[in-house]
Every structure is written in C-alpha cells, then in structure tokens.
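Below are the chains, spelled out letter by letter.
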4 protein chains.
Amino acid sequence: MTDAISNVLAERYATPAMRALWSGEGKVKLERDYWIAVLKGQRDLGIPVPDGVIESYEKVKDQVNLASIMERERVTRHDVKARIEEFCDLAGHEHIHKGMTSRDLTENVEQLQVFRALLEVRKKSIAALSGFAKRAAQCRDIPMTARTHNVAAQVTTVGKRIAMFGEEMLLGVEALNALIASYPARGLKGAVGTRLDQITLFNGDSAKARALEERILHHLGIHASLDAVGQVYPRSLDMQVVSTLTHVASGAGSFAKTLRLMAGHELASEGFAKGQVGSSAMPHKMNSRSCERINGFHVILKGYLAMAAGLAGDQWNEGDVSCSVVRRVMLPDAFLAMDGLLETLLTVLNQMEVFEAVVEQELMRYLPFLLTTTVLMEAVKAGAGREAAHEAIKEHAVAVARDMRTGKVSHNDLLARLAADERLALKADALDAIMAQGKANSGDAPQQVDHFVFRVCELVAKHPEAAAYEPGSIL
Amino acid sequence: MTDAISNVLAERYATPAMRALWSGEGKVKLERDYWIAVLKGQRDLGIPVPDGVIESYEKVKDQVNLASIMERERVTRHDVKARIEEFCDLAGHEHIHKGMTSRDLTENVEQLQVFRALLEVRKKSIAALSGFAKRAAQCRDIPMTARTHNVAAQVTTVGKRIAMFGEEMLLGVEALNALIASYPARGLKGAVGTRLDQITLFNGDSAKARALEERILHHLGIHASLDAVGQVYPRSLDMQVVSTLTHVASGAGSFAKTLRLMAGHELASEGFAKGQVGSSAMPHKMNSRSCERINGFHVILKGYLAMAAGLAGDQWNEGDVSCSVVRRVMLPDAFLAMDGLLETLLTVLNQMEVFEAVVEQELMRYLPFLLTTTVLMEAVKAGAGREAAHEAIKEHAVAVARDMRTGKVSHNDLLARLAADERLALKADALDAIMAQGKANSGDAPQQVDHFVFRVCELVAKHPEAAAYEPGSIL
Amino acid sequence: MTDAISNVLAERYATPAMRALWSGEGKVKLERDYWIAVLKGQRDLGIPVPDGVIESYEKVKDQVNLASIMERERVTRHDVKARIEEFCDLAGHEHIHKGMTSRDLTENVEQLQVFRALLEVRKKSIAALSGFAKRAAQCRDIPMTARTHNVAAQVTTVGKRIAMFGEEMLLGVEALNALIASYPARGLKGAVGTRLDQITLFNGDSAKARALEERILHHLGIHASLDAVGQVYPRSLDMQVVSTLTHVASGAGSFAKTLRLMAGHELASEGFAKGQVGSSAMPHKMNSRSCERINGFHVILKGYLAMAAGLAGDQWNEGDVSCSVVRRVMLPDAFLAMDGLLETLLTVLNQMEVFEAVVEQELMRYLPFLLTTTVLMEAVKAGAGREAAHEAIKEHAVAVARDMRTGKVSHNDLLARLAADERLALKADALDAIMAQGKANSGDAPQQVDHFVFRVCELVAKHPEAAAYEPGSIL
Amino acid sequence: MTDAISNVLAERYATPAMRALWSGEGKVKLERDYWIAVLKGQRDLGIPVPDGVIESYEKVKDQVNLASIMERERVTRHDVKARIEEFCDLAGHEHIHKGMTSRDLTENVEQLQVFRALLEVRKKSIAALSGFAKRAAQCRDIPMTARTHNVAAQVTTVGKRIAMFGEEMLLGVEALNALIASYPARGLKGAVGTRLDQITLFNGDSAKARALEERILHHLGIHASLDAVGQVYPRSLDMQVVSTLTHVASGAGSFAKTLRLMAGHELASEGFAKGQVGSSAMPHKMNSRSCERINGFHVILKGYLAMAAGLAGDQWNEGDVSCSVVRRVMLPDAFLAMDGLLETLLTVLNQMEVFEAVVEQELMRYLPFLLTTTVLMEAVKAGAGREAAHEAIKEHAVAVARDMRTGKVSHNDLLARLAADERLALKADALDAIMAQGKANSGDAPQQVDHFVFRVCELVAKHPEAAAYEPGSIL
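Residues numbered from 1 in each chain as written. Chains lettered and ligands numbered in written order. Predicted model: local features only at pLDDT ≥ 70, side-chain atom pairs only at ≥ 80, totals over all residues.

Helix and strand counts for chain A stand at 20 helices and six strands. By the compact-globule yardstick of 23 Å for 475 residues, chain A is too spread out, its C-alpha radius of gyration being 31 Å. When its C-alpha atoms are laid out on the principal axes, chain A stretches across 105 × 50 × 40 Å. Expressed as a percentage of its 475 residues, the buried residues of chain A come to 60%. The contacts of chain A with a sequence gap of at least 6 include a subset with a gap of at least 24, amounting to 78%. (Helix = DSSP H or I, 4+ residues; strand = E, 2+ residues; numbered from the N terminus. Rg over C-alpha atoms; globule rule 2.2 N^0.38 Å. Buried ≥ 20, exposed ≤ 12 C-beta atoms within 10 Å, placed from the backbone. Contact = placed C-beta atoms within 7 Å.)

Moving on: the interface of chain C and chain B. Note on interface size: it is often stated as the accessible area lost on association of the parts. Taken together, the contact pairs 35 residues of chain C with 35 residues of chain B. For the side of chain C that touches chain B, the secondary-structure elements that each account for two or more residues are β2 (151-157), α11 (236-264), α12 (289-311), α14 (356-370) and α16 (386-406) of chain C. Residue composition of the side of chain C that touches chain B, grouped by class: 16 nonpolar, eleven polar and eight charged. (Nonpolar A, V, L, I, M, F, W, Y, C, P; charged D, E, K, R; others polar.)

Here we come to the UniProt feature "domain: Adenylosuccinate lyase C-terminal" (unreviewed entry) in chain A. Annotation from UniProt places "domain: Adenylosuccinate lyase C-terminal" (unreviewed entry) at residues 367-453 of chain A. Across residues 367-453 of chain A one finds 72% helix and 0% strand; the C-alpha atoms that close the span lie 28 Å apart. (UniProt positions renumbered as here; feature names shortened; annotations may be inferred.)

For these two chains of identical sequence, chain A goes onto chain C by a turn of 180° and a shift of 0.0 Å along the axis, with RMSD 0.0 Å. In symmetry terms, the pair is related by a two-fold rotation axis. Both copies contact each other with a shared surface, as 99% of the interface residues of chain A are interface residues in chain C too. (Least-squares fit on C-alpha atoms with pLDDT ≥ 70 in both.)

With that settled, the discussion passes to the interface of chain A and chain C. Facing the 73 residues of chain A at the interface are 72 residues of chain C. Of all the elements in the fold, those that place two or more residues in the side of chain A that touches chain C are β1 (143-148), β2 (151-157), α8 (158-182), α9 (196-201), α11 (236-264), α12 (289-311) and α19 (445-462) of chain A. Among the elements that make up the side of chain A that touches chain C, the one with the highest residue count is α11(A) (15 residues). Residues of the side of chain A that touches chain C, tallied by class, amount to 27 nonpolar, 33 polar and 13 charged.

Next up on the list: the packing of helix α3 (residues 24-44) of chain A against helix α7 (residues 102-138) of chain A. A pair of packed helices can be characterised by two numbers: the angle between their axes and the separation between those axes. Residue and element names in this part refer to chain A. Orientation of α3 relative to α7, taken along the N-to-C sense of each, is 120°, at an axis distance of 10 Å. Overall, the two elements α3 and α7 adopt an arrangement that is oblique. Classified by chirality, the crossing of α7 by α3 is right-handed. Residues K27, L30, E31 and Y34 of α3 lie in contact with α7, whose contacting residues are L105, N108, V109, L112 and Q113. (Axes fitted to C-alpha atoms, helices over the stretch in contact; angles between N-to-C directions. Parallel < 35°, antiparallel > 145°, perpendicular 65-115°, else oblique. Left-handed = near helix turned anticlockwise from the far one by under 90°.)

Looking now at the environment of D:V151. By the secondary structure assignment, D:V151 is in strand β2 (residues 151-157). Taking the number of C-beta atoms within 10 Å as the measure of exposure, D:V151 has 21 and is therefore buried. Once the C-alpha coordinates of D:V151 and D:Y366 are considered, the two residues, 215 residues apart in sequence, prove to be 9.6 Å apart. D:V151 has contacts with A:A263, A:G264, A:H284, A:K285, A:M286 and A:N287, leaving out every residue within four places of it along the chain.

This part takes up the confidence of the model for chain A. With 98% of its residues at a pLDDT of 70 or more, chain A has an overall mean of 94. Contacts for the low-pLDDT stretch residues 275-279 of chain A, under 50 throughout, to residues beyond four places or in other chains number twelve contacts. (pLDDT = per-residue confidence, 0-100.)

All names here are of chain B. With 15 residues, helix α10 (residues 206-220) extends 21 Å between its outermost C-alpha atoms, agreeing within 8% with the 21 Å of an ideal straight helix rising 1.5 Å per residue. If you check which residues of α10 are buried, you get A209, L212, E213, I216 and L220. Along the long axis of α10, the arc covered by the buried residues comes to 100°, so they all point the same way. The exposed set on the far side of α10, more than 90 degrees from its buried face, consists of A207 and H218. The inward-facing, buried residues of α10 abut α3 (24-44), α7 (102-138), β3 (184-185) and α9 (196-201). (Expected span 1.5 Å × (residues − 1). Arc of directions from axis to C-beta.)

Turning our attention to the packing of helix α8 (residues 158-182) of chain B against helix α11 (residues 236-264) of chain B. Residues and elements named next belong to chain B. Where α8 meets α11, the axes come as close as 7 Å, and the angle between the chain directions of the two elements is 165°. Relative to α11, α8 is oriented roughly antiparallel. Regarding α8 and α11, the two cross each other, and that crossing is left-handed. Residue-level inspection shows F165, G166, E168, M169, G172, V173, A175, L176 and L179 of α8 in contact with α11, the latter providing Q240, V241, T244, H247, V248, S250, G251, A252, S254 and F255. Split by residue class, the contact of α8 with α11 holds ten nonpolar, eight polar and one charged.

Another point: the environment of B:P48. Position of B:P48 relative to the elements: it lies in the loop between α3 and α4 (53-60). Put simply, B:P48 and B:G230 are 182 residues apart on the chain and 28 Å apart in space, counted from C-alpha to C-alpha.

As a further point, take the relation of the copies chain C and chain B. Each copy superposes on the other: chain C lies on chain B with an RMSD of 0.1 Å after a rotation of 180° and an axial shift of 0.0 Å. With an isologous cut-off of 70% or more, the 100% of interface residues of chain C that recur at the interface of chain B puts this contact in the isologous class.

Two faces belong to every sheet, and in a regular strand the side chains alternate between them. Residue and element names in this part refer to chain A. Of all the six residues making up β1, six are buried; the element is thus mostly covered by neighbouring parts of the structure. With six bridges connecting them, β1 and β2 associate as antiparallel partners. Bridging across to β2, P143 finds its partner in T157. Hairpin connection from β1 to β2: two residues lie between these consecutive antiparallel strands, with H149 at a positive phi of about 55°. (Pairing = 2+ DSSP bridges.)

Residues and elements named next belong to chain B. Of note in the backbone geometry, H97 takes a positive phi value of approximately 70° without being a glycine. As for its position among the elements, H97 is in the loop between α6 (79-91) and α7. The backbone phi angle of N317 is positive, close to 55°, even though this residue is not glycine. If you trace the backbone, N317 turns up in the loop between α12 (289-311) and α13 (324-351). Given 27 C-beta atoms within 10 Å, N317 falls into the buried group.

A separate point is the environment of D:Q351. In this structure, D:Q351 sits in helix α13 (residues 324-351). D:Q351 has contacts with D:E270, D:G271 and D:F272, leaving out every residue within four places of it along the chain.

Okay, structure coming up:
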C-alpha cells in the first residue's frame, strides 16, 4: 500500500526483543495469556468452566490475525470487544473476559508491557555501565586537559572523564531499580475500581475476588499492586516511568555531547563500523553520527516526558480515555527510543577510539598556563622575589596568549620565555620537572575511576547476564 | 513478522491523503521527482545530460521497493546513498544528484512534505470552522447557562458558546495562513550552505547556480527561500510549524473539554455512529470518547512541540544530524496526530446533539439566582424599600441554596419564596416576567454568532473546496 | 522603586519556612555556615588557622547586607567572589574558601537548599495524606455515582473516591522518600572534580582531603555522595527532583480536577474562608478557586520540569554555567510552587464540604439505569421470560433516557415504568428492594478506604510531627 | 525581612524598561489609567459622572501603595476588589469599574502589558539584527573552516557564519512582526463575554456598549479585537506569544552555542568587560559565560512555553482561573528572561573578538584534506593517470590523518607528501596555488552576507530608533 507508514523508531533503531514487546501481535498474545490466566483462576476458585474450554483457547492463542481484528473493530467501534470476538471465534467458546471490563484487561496487560520493557532497559543499561567501566579502566591514567566553559581548566584523566558520565548513568539506573521494585499493577478492579463485577461473579464473596487478583498478579510477575484505584491506574505512574527513562539516558546524553566535542578537537572518535561511507575519502572526518543520534533520542524522550506529564494529575472522576491515544503513542515509542539509544550507546562504547598523542599535544598546549601558580611557588622557593616573580609570570602568560591568538606563535612557548627571564631564577629543566609533575597530578581521578569500576562490578554481579549483552548492528 | 510495529497514528487515525505524504513510498517518489527536476534544470542551464537519461529515470520513478533500499542502507550506512543507488540501478544511469549533497535533497523534500501537509491541515481546519459556523448558527438563540469556575454565571446562548471555540480556532488558522505564506525553502546550497558545489559544477558561474535554485523552488511550489543558510535550515522553523499546529488545535481542545462537561450534565452529546457498542444497553451513557480523543491528540502535539523546541537554537556550526532521528519522528507524527484530531473534530461537529429541554431545565435551576439584582431593582420600582428588599432577597437566596444542598427541596423555588414575601411587593407574575425577560437576555451573544459566521464565510469564499470536505469514518 | 518585581510565588503563595530556605539572605547564611564548617574541618585536619579567626567569622555571619554584596558583584562580575569579600571584610580576616573553587561552595549549598526543601515538601505531603485519610474515613460509606467518561458508570462511595486520589499521592510520596534516602551531595571536589586543590592544600595527602569531605557531608546532613563528578553534579539529578515534585503533586491535581467537576454538579464544594467575596451575593456560586489554583500550580511544575529536562544530559566536558540562570529560576520556583500547591491542598482538605443530599439525588437519577442487569436477573427469577424481559427493560430504558433529554420527564421514572410492565413480573416493592440493595453495593470500596487509611497511619507513625502540620491562611 | 525573595530574572538580568512594564506598581498604574479611560468613555456616551470625579481619580493615580493593597486583599480574598477599594478610597469616590467584571479590567491590562513588552522585544531584536549585520559585514571575506558534525567540511567565511545565525533570528522577528500586527484584545465583554453588563448600563443600547469598547481599544493602542469571546481570551494566544519569543531567541541560541565551540578552538571569544575576574590570571581562559547564559535563557523560555502550552485548549465553558497563577508567573518571567537574553546577546555582539590568525591556522590544518578532489583533477590535467593519482592521494591522506592522530606529525603535511609523489606530477607551487585558490573559494558566502545586511537595513529603516539601542551593563 502506498501510504503504509511504519513506526520509524521500531523499524530503524529498536531491537527485535523490544519490538516484540510492543508489536500488535505481541500484545494480542500477552492479552490472550492474560485471559487464560483469569479463566483458570476463576475455575480454580469455583466458577464453572466446562472441560476443554481452556484447552481450546490455548490451542489457538498464537493464531494472531491483526487484519481480521481491525475488521471487527471497524464494525464494533470498540477495540477490546473486537479482540474478544476474534479469540472466541477462534476457540469456539465464549468463556473469557467474564466479570471483566475492558480496563481489567488493558490496564494490566499494558502495565505488563511496561514492566517487561523496564527489565529490558535495565539489562542494556547495566551492559552500558559495564562498557563505561571498561573504558574508564583502560584510560584510568591518561592525563588530559579537563575543560570548564569548554576551555582548559585543570588536569584530569581520560578515564575519570568517562567514569564521570558513567556515574551519572549509574544514578539513573539506581532510580530505575527503585521503580522496578515498587511498580504496582492495577489488578482486576472492575469498571470503577470497586471489584464489584468479580465480587458479583463470586456471588458476593469478595475474598474470592481478591484471591483471583492475587493469582493474576502472580501471572504478571509484578509484586506490588494498587488498591483504592479507579477505572485506570494513576497516569502519574506513566510519568514516573518516562522520567526514569529520561534520567537513565542523561549520562549517555552528556557523554555523547562531550565525545562530539572531543571529536572536534581530534582527541577521540566514536569509531566506525566497516563499510560506512565517507571515512576513506575524507580521512579527517570523524563524524559523530552515533553520538548525535544519542542526543537526538534524548530530545525525543523529553518530548514523551512532556506527553506523560500532560496526562498526570488530569484524572476526571474514576477515569476516562482522554489518555488513550497518548499512551498508544508515548509508551511504546518512549521505550523504542530508549532501546535505540542504548543500542547506539553500546556500539559507541565498543568502537570509540581515544587518540592519546593528540590528547597529549592538547595538554602540552595548556599545561604551562595551568601550572603558573606552581611555577610561582617554585620560583619563590628558588629565591625569586614573590612580587617580581608574579609580575614576570603574568607578563609572559598574557603575552603568550596574545601571540598565539595573533598568530605570532603557533605553540605555547611560555616555558621557554619563563626560563629566559632572570626574575624567576628557574632553569628550563626545573620548569620541565614542574610540567612533568603537574601533568601526572590529576588528584584523585584514578581512584575515582577505581571506585566507579567497583560499583559497576557490584551491580554486574547481581545481573551477570546483563553485562554480557552485545548490541546488534546499528544503521 | 511477529515484531512488526506500525505507526499507530497513521494506522488508526490519519487519512490516506496525509499518510501518502509521509509514507516511505510517498517520500521516495517526492525525492525522485525532485532529482529529476534538478537534472532537468541542470541540463537546461548547460550541464550535458545525454539523450534518454531523464526519460529513463522518469520511466522507473514509481517503482519503489523499500525493502531493497533498506538492504542497501544496511551496507552503506547512509540512507541517501542507498536511495541514489537504487534509483540509478533502476534507471541504468548515474546522472542524478550531481553537485548535490544529501541535504540538498533531504532538506528540500522534507520541507515539501511539511508544506503540503500544512495545506492539508488548512483545508480541514477551514472545514471545521465551517462546521463550527453551522452549529453556532443553528443554536444562535438557544439561551443557556454560561458557567465560570464551572458554576452558573450569566445567560449566554448555545450558539455563542460554540462560536467562542470557533473563534479560538480561527485565530490559529490565521497564524497558519501567515506561516504558509512565509514558509521558506532551504534551496540547493551545498554541504555548508555556500552553493560551492553547484557553482563548481557550473564552472564558477554562480548566477547559473542561483538560476537552478529558482527552478527548484518553482518545482516545490514554495515561494520564499532562505539565503545565508548552513547545511540545514534553522530548526526553529520546525518549532514554528509544530507550534502553529498546536495553536490551530487549541480551539478544538477547549471545545472538546467543554462538550465533555456538557455531556456530564446531559446538556449535549457528541453523538454516536451506528454500531457503536454501549449505547443501547446503557442509554444514559453519552460517552465523549471522540472529544476525549481530541484532548489526547492535543497532549500529543504538545509533546512534539517539546521535541521541536528541544532542537531549536541548538545548531552547532553549519549543522549536524543530532536532529535527524527527532525529525523522523516528530514531523510525520505531529501531522498525523493533527490529521486525526481534525477528522475527529469534523465527526463530532457533524454528529453532536444539543438537548434543548435539559438546557432549559438547567437554566431554570439557576436563573432565579442569576437575576436577583434585577429582582431587587424591580422591587424598588414597585415600592419596596431598598434595604428591606435586599435583605429579603439575600435571606431567601441563601436559604434556597442551603435547602437544595441539604435535599429539603430538589428544585429552585426561590421565585415562589420571593413572591410570598411581602417585603418585596412583587407578585408571581411580575417575577415570571423578570425570568422570561432575563432568560432571553443574552446580550450580544446572537450578534457575536453572526459576526463569527460572517468571518468564516469570508474564509470559505477563498477556499470553497475546503469547506466541502467531509471526514472519513473514524474508529 | 517603581520597577521592583517580587517573586510572585514567594509573595502570594509560599510559606515563610519555604521562603527562608530560598531567600537571598537565607542562602548567604547557609553559605557562611558552610564556609565555617570547611574552615573548622581544615583546622582540625592540620591546616593552620590563627586563634580567633573562626570566632570572628561566626560573630558576623548573620550580618547579611544583600545590597552591599550586589554592589561588589557589579565590580567583580563574579557572584561568589563578591560574597567572599563581603564576609571577609565583615570578619576582618581572609581565611575562608581555602583550596575551594566557587562550585565547592555553590553546588553543595544549593544541594542543601534542595535537600531541606524536599524534607519540607515531605512534611506537608504527609499532612495532606493525613487529610485525605480523614476525609475518606468520614465518607467511607456514602454511596455515590462513580463516573467514567464523566458519565454515570457504577456505584462507589465518596470515601473511596477520595482515597483513590490519596493513593495516587501516596505513590508520589513513596518516590519522594526514595529520593530523599538516596540524594547524593557533590562534595568538595575542586574545579574539575579531582579534589586536586584540597589535596594540594594538604600537601598531597588525599586521605585528608577525603576526610574533610566526610565532615562536610556530615555538616550538610546528606548521607550519600557523588564520587567521579566534574565541576558540577549531574543536572539529571535536578530533573529527578522536579519530576518527583510533579509526581507528588499529581494526586492533588486529579483530586482538584474532580472536585471542580463535583462542584459543577453541586455534589461538593471546596468550602470557603470567611470574608471571601461572592459567596453570599450568589449563594449558588461554589467557585473552586483553590482547586483551580492547584491545577495551575501543577502546570507550573510541569514547566519547570521542562526546564530541568532541558539541562539533563547536556554537560559539556567537566561542566559550565549554561545551567546557571536556569537553576536560579527553576529550583526555587519549583519548590515555591510546590509549597503553594500543598498549602492550598491542605486548606481544601480542611474546608471541603460534601452535600450528601445532592449526592443521593444524583445517585437516584442514574441508579435505575445502572441496575438494569440486576432487574433482568430478578425478573427471570420471578418467572419472566429472559428474552421478553430483556426487550422490555431495553425499551423502557431507552424511552426514559429519550424522555429525559426531550424534557418529557424531569426525573428518572424507569422503575415506575418497569413496575407497570407485565412482561417483567416485578412489583414496585421488589424493584425498590433492588435499588436499595444496589445503592448499598459498592463492592470493596469501604475496604479500600480502610486499607488506604491504614497505610497513611503507618506513614504518619514515622512522621508524627508532619501529620500535625496546619496550613497557613491562603489568599 | 529574612525571607524576602526577589524575582531573580528581574533583579539580575532584565532592564528597567521591561521591569517597569511588569512591576506591581507599573501594573497598578496601567489599571488606573484603564479605569479612567473607561470612565471617560462612559461619561462621553451618556452615563452621568459628577463633575470633578474623574479629576479626583487622576490626581491620585500615581499614589501606589502595594502593601496597603495587599492588606486589603488579605481581607477580601479578591485581588481586583482590593485594588478598586484602594483607588476609590484615595480618590474619595466610587465611580470606577461600573458595569465591569474583574476580567474586563485584568484581561485587557495584562494584554496591554504583553503588547508593550512585545514592542520592547522587537526593538531590541532589531538592534541585535543590526549587530549581526555589522559583524557579518566586518568578517565578510575572512575564510574559515565550515564544520558539519563538528568536523571540518568545506570553506566558508566568518561573516557568512554570523549572517547564518542572523538570518535565523530574522525569521523569528518576522513572526514577531506578524504577531504584533494581529494581536487582538479581549475588550469589555463582561462576565461571560456577552457584553450584557455594559449593555444593561446603557439601558439596552448595545451600540453604545460597542462604541465604548472601541474607545478602550484605542486607549490600549491595540488594533485588533476578539468578538465571540468568553470570560477570558483564549489562552492559546499566550502560547503564540511565548512560542514567538522562543522563536526569536533561537538564532541567538544557535549563535551562542557556536561561539562557545569556537572559543574552545580559540577561534573567537565573546570578549570581556573590564574588571571581570579570571582573565589576567588565566589568559587562556576565554570563558563564554554570556553565551552560556544565552543558552540558559533559551531553556527557560522553553519551560515557559511548556506552561503556556499547558493552558492552551483547556478552557472549561466560559473560563475560570486555573490559568491565573500560571500566567502570573509565565507571562512576566518569559518577557524578563527574553529581555535578559537580548541584553546579553547585544553585549556579546558588541564585545566579541575573532582571532583571525587562529582561524587561518585551523583552515590550513584542514584545507589539504578538503581539496583532495581538486588536487586529483589538476593532477589528471597535468598528465597523471586518474587511477594512479586517486590511489596516491588516498594513501597519503589516510597516512597523514593517522600520523596526526598518533602524534607522528603535529601539522598537516599532506601537501608536502603529495608534492614528493611522482604519481601525481604536481610540484609544490602548483599545490600551493590550489590551496590559495581553494582557500579563497567560499562560493556565495560573501554575497549571502550582503543579502543579509541588505535585509536588515530594510528593517532598520522602518525602525531606526531600534537599531540605535545600546544594551545596559550586564552582570
């Protein structure tokens, strides 16, 4: 069909595992499993279900024909009704959905999608943290120019910089863990949340209705549940989900921005997959396309966060469906974008390159400026007058900066000028020693790398399969 | 495929016309037309193109095989390169894309999609304004209780209320008209916006490069163009587009919210299509599903506005592709959501019902309260003392309100109490006359309806085909 | 001064306690305490500090002259430098801020403001939960019409509806508790996060630098800390803070929206303070100004969430100040808005009224429709044919609905019509019994109220002072 | 008072002119002028107003005591009522506000604030465009490396780059002009928009009520007006205002981002005011604090845009005050932030420096890579075999890139290597000529500068006073 439009996030960026969770077919299967679980629970609690009925449903549950369902919906104008009819027609029975309203189905199944997608995000996030830890450890002791205001400030190490962004991601993953642990399902609460319909089905025995709900939560694998809920679970819960995704993505965002900056200075590259256009023809072009894409995904997540926030705190009475179309878009697409972001991040962490020689050149360009206070201290120790030495250093530093900007010199020759100035009483070798010592002095940077690596190892120990995850091939 | 995910906005809500603009196939065709237009322009301006080449391209331009293109992209890691190869292989030549960079193609073709989609939105918006005007005219003189703070305030007419939301939409459509009139294309500016590559192609003749660009703008049908542009057009232009869509949707949003409120009071209903589940079983259920959906679409648009705003003012140097994934999602999806919103709005405007009897009942419940100042004035005219009359009215009004809240009375019997109070010297018939007069007195409301209808007629006169547009069937 | 502009959130809505945390004067005092704490720590760890110096600082620390500080800033163009000079001039010494960069001060002090403000928000949120619990318990067994799509759906109780919004808030408060428990301070990490300056101050003894940091965290009262941090703490942490505020506010938002709807049906009122304009003149006007304001505050919070999200994941290298002006606005104003929201919510919870008689009238209007399935069941039990009974009920229900909309009847007389129809074999008293039973049957609603009250009690037991909090007077 | 909190945007960043528009005192004065204008209009149209009354109001209209007004509001709980009482007590009469509701005052006066603030923004925006034009003209012919993906791409000129951001701003200013031209006032429409109260005041003569409204619009200086409006003007109009501010700010945002990048490469600096801390001690530190601030202001504006969007399309019936607290914050603060942004931008445009020598060095580093296709073409002309030449160039280019990254060479010596390779048959002087020619070849960049300057001149010719505006001193 000429006007078919695929979901671009699914098609271009997300992985099969995440797509399967959100696909039309995947959802229909989750729903059918859910209906069967409810039916079994009802039977076990005393509702008569003729022999063979459950088996009939189970036999056909994987026969998903989305076109047929859509055909029914165009008649009934009711999506759940359409899916009930389809499933019942396939099974040849009408036993599912007893005492249930649409939301008893859809709220819980959508929460199941969210919950499983959160687990998937956690898995890949831990893999990414593992990647940050590996890279940080590799570069633990490579001194580099730390920048504030995008300008040289002090010495750090490449590893510390990487650990810094990793630690930001770690904060997000901790929030994700807390969310997963507390995420509550709505449960089987009926049309307005009072459990009336199931209680009626059990002839007024509300203990049985609660027991059925317990079984359903067990089926979902979600441990917490809501209680005094309406037709829908509070949409602020969706906001918490999307805001947590945005949080987890933030360390990646900062890392990607900084890697783009570093590529502009030729300090590093995100690396290239084989066959990518442009690399050999323009060997200087270290395009940070993947990092740019990570930043793009983050902007997307913030847009879905705005949608989620737009629904929060807007419940009228026991609820309505003004959120419906929003959640159909926002929930899958936020997770698909997050999935794309994590795949891209993992790829960058795998392929990135640091150009140590250029890192060193950059450091030597700025180090003399960064160490002027040390030079002053040493000059005074060596017998120079404080005021004279201070004045001399300031004069030369300003002159060098000016000469570099006007093109008089192309390298930082501050050391040579200082060595030649008698006011300072410091020879070239003394100045070189100051440089060598200053270059190596990145404070606690290496220890901070160790600490970050340690924390990631603790997390990986709890989720060993996650750390082993390897991203698929990205576009 | 089990994990196929369609674009839910396209599949469930948008129309074929809007889908065709944004579909993968539709875009490939727009691109091929564009390449051919450039090639023709180059030929006409002196670049040698062998006979038959253009014809070869034209012959195959509708043979779109998205899977084959995606296959190529997985090899080249470059989407435009993949599409060039595909088209050239089909045509058996390599003449397109001469002197062009990817952005010379994609920026302009995407702008063409935006521009044509804006025209489509204008068409349906004018149809909706026409619907507002019809409904407002029909209800021009039906008095009703206007509410502020969701509580009865003064008399208005149903038609005026409808015109009020129509006028909000009209403001948005005027902004849309201004945007369409000024929307500038990027043009054929090369990799960094200097037109260097086309100038080089024309052996340094920049006049020819400009002439080629003129022809391309003509092909696009866009009259304005950017000049000192970089690799990309400023992304704030996308923000203006999405914010204008959100603006146009705002009148619909307010209207839908209010119709949901009115349905809660049984004053009106959005109407029902035949076959819709729930109406006969629960005849009191006037579910405003379509209006809720309109509000949902508006939340979605605001989320895409956040994405568009996230890109604005973030251009690094001459540009990069950090916006790419965002625009792949935001631009089509904002227009698809807008399309769905307008289709839903048109359907509601076609099917809505006003229950005049209930409107009248509601008015009679509040009118005595609303007219107490008139009663006071008339009582004084009839000889009552001002202070005594004021006190009497206040006493009774407060008592009636209290009695209604405590269930002592179920109807507003303020008039009877006032008639029975000798302090006021007003008989029941005098009070009835005040009510009758007050009920009919909605100030300029009918004239405001006329004025709105007049303005819509002016607009429709310029776009007669738009007003004739009829929405498709919605889910 | 004619152009003085106060912070409207502080001036009109926030409480003195919250204002004190964010006022210019309050912040200067927090900073001075912090500097003194650092100085003491340095002294205790071996940095020489002459006798009397600390005392001199302590003596003047409450002498805050904001105009004088601003005067200095206009000269130095550096806000921290200005505040150092002011404090040192007052004390007559220059010992503070040793080995510190601006961010060693500002990051930690701002985090302290955030942390204390979070505690303040928690206190009032628990008070609000306590208010929800009280109201829910009071109305535990008052049956009412639950609405979905803003239309009557099933029976619930007023208490359950209140508990429902309380439970939404409870979810937010649990997220707030998790945030408070894990909120990490940046600590004394120097210009680029390596702790170099403090290590240098301690002659290379990094253990001492870490020990100093431990003392500072203790001074702040914040238990967690960041380690591999740059010049700034990750701004995604601010996003988590503002998103948690927005989450906590969501239950209030839904509650306020619903109370506005209920006031429109005269079912309830947010109550009025004495002296408020408008109530006696227009006794029907139950304007929900405070609830509208709560919804307004929520929109404001979502705007600050957009600002916070705008900063997240945008760190360049070790950081810069592009976030500075944003955080100066967003952090105080988000907390001031939250404070205003909570004060308003507490006032509404204190003053709201439920009009039970109107609630009952509304229920009796819809209950016959809601119980048609029960009527059918009983009719069959009483001997009616299922098909005939179903047809009869449907006919009458549709007719009543139509007659109500067309004004033929003003009350729901479905029961009378059913009693008169011989096809059903049900007398008026049997139908009345069905109504009485149906009205009382709100499923688990009362138990859900109990469960909510229980959970709030558990929380209050941990924070007894919070539950005792009484809001100030609001505008 | 220890907890006084000023509006940080007003206090630190905005100018007196903008502050005066939004200050409490300024607004009270605008309101009083408005009331007097209404009173005069009513008198002229026949409403009796005793002699001397208007004069009494005029005499006291500048006596603004905000504390006294707030004192009254704490009693009345109604802000407009408090301000009426204050003004009337001062004047000794009670003639203002006749036939008016609060919104007849506040909607129009707030729109007047918005309208005048838009004019102020236009003035400074034109001044900024003028600054862009001056800078672009100055640097029209300075060749520089254009970057895409933050990496060298082609040659442009510094002036073209500046014009590019100027042109983005120009698009925003055109949208601003359209908004100013079409901005409609609500007018004197009464409590629910029907003009009932004024019509009643004029004894049913609605022509007089309309005539009064015309006079009021004239007083406001706003030419357009709404007609079928409710209690409030549509809040989507506020969204259009804030989105237009965000649009105008976008060119500044992109410019500031790019200047921050350029400072990181020492190509340019935003310049420094005298006395600023840090410049002499660290002469390499070209901190882009002002540019960072511009980006911060833009994030703030996007947050206020989210607030404005949160109100759009959310009108319930004829309106309520759920928007009130939002608009109290968003409208002033968006304009104050915009004012701060424009002041900062104007300062940067005044003080920025371009370091031409470094720009030249950077260009020479990348130019050999950028011109490899020209080298190939010339080599073939000079007799080399195409395949051999292509292979040679590619070999050398990749080798040079690798050697630069590994530190083998610190400068780009591709030219020397090419000159030494016999496969190419090009001598050093031929290669130098290619470089010289390529360096000078920035396509239409200079012409694009001219075109931008021309368009700004046209605009300045219409607003000559705007272009002359000089920013105040910034922090």
